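Here is what each chain is made of, one letter per residue.
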Amino acid sequence: MNIKNIINQRKNSKEKSCKQNQQAGFTLIELLIVSTITVMVMMTVTAMLLTFIITSKKSSIKQKVNNEGNNALSKIEFVLRNSQKLVAGLDGSTICSNDAETPMTDIAIQGLDGYVTTLQTYPLENGQIASYSSAINDYYYITSDETTLSNLQFTCLTGEENSYYVGVSFDLKIGSGLSSDKETAIENFQTGITLRNH
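Chemist: Please explain the overall build of the protein chain as it appears in this structure.
Modeler: Counting its regular elements, the protein chain contains 2 helices and 8 strands. Reading the helices (α) and strands (β) of the protein chain from amino to carboxyl end gives α-α-β-β-β-β-β-β-β-β. Taking all 198 residues of the protein chain together, 29% fall into the buried category. Residue pairs at least 24 apart in sequence account for 51% of intrachain contacts in the protein chain once pairs closer than 6 positions are excluded. For the protein chain, the accessible area works out to roughly 13,400 Å², and carbon and sulfur atoms hold 55% of it.

Okay, structure coming up:
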């Protein structure tokens, strides 16, 4: 081999290794493009995750209010259905107002055991639905302190053959009540029961 060939071979191998080195790495522009795309994908995934978490929390709060309200309605219905008769309340109020336009804020019934139970809001400010029993001279709360009660109303109408229709309605709320509050849920609950005094 002559020297000229050896020099050319070395020169060619250096050029090949330089070309390979240039093709083996990423340019700064390629790295910036990949980084930008990665950041955009991560922002989109994060926004979707946050939306899911907020929606899930709102649904959970609404479900909690709904469960508590339905539970309260069933307890009120049970107390009213298992009553012997309507009686005057703790404050000596009317047994049955017989006026659909002016609902009552409490209602008292005498149970089969002879004791009087009054359903009302207690305490009046930020209250709960409470059942005051003369058997124990104390309140039993039908709703929890996690919810806020408002507009507890009893509509009592006299029917035929010594019967009464009692309509019950109330609102339960968790949160501030503002529509911008993501942790707010407000529900209205209503039921009606026909009672026959024994």
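Chemist: I tried to follow the sheet that holds strand E8 (residues 185–196) on my own but got confused; where do I start?
Modeler: Across a sheet, paired strands are connected by hydrogen bonds in the backbone, their directions being either parallel or antiparallel. Here we have 3 strands laid out as an open sheet, ordered E6-E7-E8, and antiparallel in their pairing. The open sheet has two edge strands, strand E6 (148–158) and E8, and neither has a second partner. Strand-to-strand, the axes of this sheet are offset by a mean angle of 10 degrees, without reference to chain direction. Where E6 lies against strand E7 (residues 163–174), 9 bridges are found, and the strand directions are antiparallel.

Chemist: Is there a simple way to think about the state of the cysteines in this case?
Modeler: What we call a disulfide is simply a covalent bond connecting the sulfur atoms of a pair of cysteines. Overall, the coordinates contain 1 disulfide when judged by the stated rule. Here Cys-96 connects covalently by a disulfide to Cys-156, the sulfurs 2.1 Å from one another. A torsion of -115 degrees about the S-S bond marks the disulfide between Cys-96 and Cys-156 as left-handed. Of this pair, Cys-96 sits in the loop between strand E1 (83–87) and strand E2 (107–111) while Cys-156 sits in strand E6, placing them 60 residues apart in sequence. A relative accessible area of 12% means that Cys-96 is categorised as buried.

Basis of the calculations
- Residues numbered from 1 in each chain as written.
- Predicted model: local features only at pLDDT ≥ 70, side-chain atom pairs only at ≥ 80, totals over all residues.
- Heavy atoms only, no water.
- Helix = DSSP H or I, 4+ residues; strand = E, 2+ residues; numbered from the N terminus.
- Buried < 20%, exposed > 50% of the residue type's maximum accessible area, 1.4 Å probe, protein only.
- Contact = heavy atoms within 4.5 Å.
- Areas by Shrake-Rupley, 256 points an atom, 1.4 Å probe, with all protein chains shown as cover.
- Pairing = 2+ DSSP bridges.
- Axes fitted to C-alpha atoms, helices over the stretch in contact; angles between N-to-C directions.
- Disulfide = S-S within 2.5 Å.

Fair warning: the whole summary comes from geometry, so function is off the table for now.
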